[in-house]
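# Summary of the model geometry
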Amino acid sequence: MEIFYDVLKYGGIILAGYLIGSSSMSFYISKFKKINLKEKGSKNLGASNTLAIIGKKAALAVLVHDVLKSFFAILAVRILFDIPYNEVHWLLAAVGVAAVVGHIFPFYLKFKGGKGFATYIGLIFGLDWRLFLAVVALIFVVAFITDYIVSGTFSTIVAGPVYYALIQPNLWVASIVLLGSLVILWKHRENIRNLKNGKEMKIRSAFQNKYKQAS
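Sequence order as written defines the numbering, with residues in each chain counted from 1. Note on the predicted model: pLDDT of at least 70 is required for a residue's local features to be given, and 80 or more for side-chain atom pairs to be given and counted; whole-chain, interface and lining totals, by contrast, use all residues. In computing side-chain properties, one takes all heavy atoms of the structure into account and sets aside hydrogens as well as water.

## Looking at the overall build of the protein
Assigned secondary structure in the protein consists of 11 helices and zero strands. Here a helix means four or more residues in a row that DSSP labels H or I, a strand means two or more in a row labelled E, and each is numbered from the N terminus. Going from N to C terminus, the protein has its helices and strands arranged as α-α-α-α-α-α-α-α-α-α-α. To get the radius of gyration, use the C-alpha atoms; to get the globule rule, take the number of residues to the power 0.38 and multiply by 2.2 Å. Taking 2.2 N^0.38 as the reference for a compact globule, 215 residues should give roughly 17 Å; the C-alpha atoms of the protein span a radius of gyration of 18 Å, in line with that estimate. For the protein, the spread of C-alpha atoms along the three principal axes comes to 65 × 40 × 25 Å. Type-normalised accessible area, obtained with a 1.4 Å probe on protein chains alone, sets the label of each residue: buried when under 20%, exposed when over 50%, and partly exposed for intermediate values. Sorting the 215 residues of the protein into buried and exposed places 43% on the buried side. Whether two residues are in contact is decided by their heavy atoms, any of which lying within 4.5 Å being enough. Taking as baseline every contact in the protein between residues at least 6 positions apart, the subset at least 24 positions apart corresponds to 64%.

## Looking at helix α1 (residues 2–21)
To estimate how far a helix should reach, multiply one less than its number of residues by 1.5 Å. Along its 20 residues, α1 runs 29 Å from first to last C-alpha, staying within 8% of the 28 Å computed at 1.5 Å per residue. Along α1, the residues classified as buried are I13, G17, Y18 and G21. For α1, the angular spread of buried residues about the axis comes to 145 degrees, placing them on one side. Looking at α1, the residues exposed on the side facing more than 90 degrees away from the buried face are F4, Y5 and L8. In this structure, the buried residues of α1 make contact with α4 (56–81) and α5 (90–104). Think of the arc as the fan of directions from the helix axis to the C-beta atoms.

## Overview of the packing of aromatic side chains
Only Phe, Tyr and Trp rings are paired, with Trp represented by its six-membered ring, and only when their centres lie within 6.5 Å; those with planes under 30 degrees apart are stacked, over 60 edge-to-face, the remainder tilted. Applying the stated criterion across every chain yields a total of 11 aromatic pairs. In this structure an aromatic cluster arises from ring pairing among Y18, F27, Y28, F107 and Y108. Note on criteria: charge over ring means Lys NZ or Arg CZ within 6 Å of the ring centre, with the direction from the centre no more than 35 degrees off the ring normal. Stacked on the ring of Y85, the Lys or Arg R78 has its end atom at 4.7 Å from the ring centre. It is R189 that lies over the ring of W186; its NZ or CZ is 3.9 Å from the centre.

## Digging into the packing of helix α8 (residues 149–167) against helix α9 (residues 171–187)
Helix axes use the C-alpha atoms of the stretch in contact, all axes being lines fitted to C-alpha atoms, and the angles between their N-to-C directions lie in the range 0 to 180 degrees. Two numbers describe how α8 lies on α9: the axes approach to 8 Å, and their chain directions differ by 170 degrees. As far as their axial angle goes, α9 and α8 are roughly antiparallel. Relative to α9, the crossing made by α8 is left-handed. Each of F154, I157, G160, P161, Y164 and A165 in α8 lies in contact with α9, whose residues at this interface are V173, A174, V177, L178, S181, I184 and L185. A class-by-class count of the residues in the contact of α8 with α9 yields 11 nonpolar, two polar and no charged. Here the angle decides the label: under 35 degrees means roughly parallel, over 145 means roughly antiparallel, 65 to 115 means roughly perpendicular, and every other value means oblique. Each helix crossing is assigned a hand: it is left-handed if the near helix lies turned anticlockwise from the far helix by less than a right angle, otherwise right-handed if that turn is clockwise. Three residue categories are used. Nonpolar comprises Ala, Val, Leu, Ile, Met, Phe, Trp, Tyr, Cys and Pro, charged comprises Asp, Glu, Lys and Arg, and polar comprises the others, including Gly.

## Let's talk about the layout of surface pockets
Cavities and pockets are defined on a 1 Å grid built over the protein atoms alone: a cavity is a set of grid points where a 1.4 Å probe fits but cannot escape, while a pocket is an open set with protein on both sides within 12 Å along at least five of seven lines, and lining residues are those with an atom within 4 Å of any such point. Grid points are joined across faces, edges and corners, and a volume is the space filled by probe spheres set on the points. Taken as a whole, the second largest pocket spans an internal volume of roughly 160 Å³. Looking at the lining of the second largest pocket residue by residue, the class counts come to six nonpolar, three polar and three charged.

## Observations regarding empty space enclosed by the protein
Across all of its chains, the model carries one cavity of 30 Å³ or more by this definition. Put simply, the largest cavity is a space of about 30 Å³. Residue composition of the lining of the largest cavity, grouped by class: three nonpolar, seven polar and one charged.

What follows is the structure, encoded as structure tokens:
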């Protein structure tokens, strides 16, 4: 009976993480602006497509929302179970990954949401602020060197599970974070094809285009 209670309790918490993650600021803004982001640009409900189609302020709101929803889901579990911030528990990772999955597969949008990277960053922030600072630096360094922002994405989703497998060893947490990484990798399969075919947008080219348009 106790096992059944634990399954219900932990399952309910993970489900709550999914529901929090399924909240889509880009969808709310697009409805308000009467612009269907799923039919324009990259057809993706995320900050980058919001930036391209609607603008900077809307994109910033989407980015902050997407990062904070997984962070606050983890924070709520920390408070509920009295888990200190310097400790990591498998349930924290599970609720954070559930938020990532909710962002990518929101039930009320026919399971077609964003790519989940910003929410993954929020997951990392909720688990360990030191790892968060490290991956933010990693994103900028790798993206600057390679000239591809998606390279920073791939480096980050590798860094997460590696950190908990080797640096702060916790097999359960590493495995759960790895699951989130694999879902994001699958969601970025088109970017991988574009990289392979030399069609992925380069950072410097994007800024040059913005500059020309402004001029």
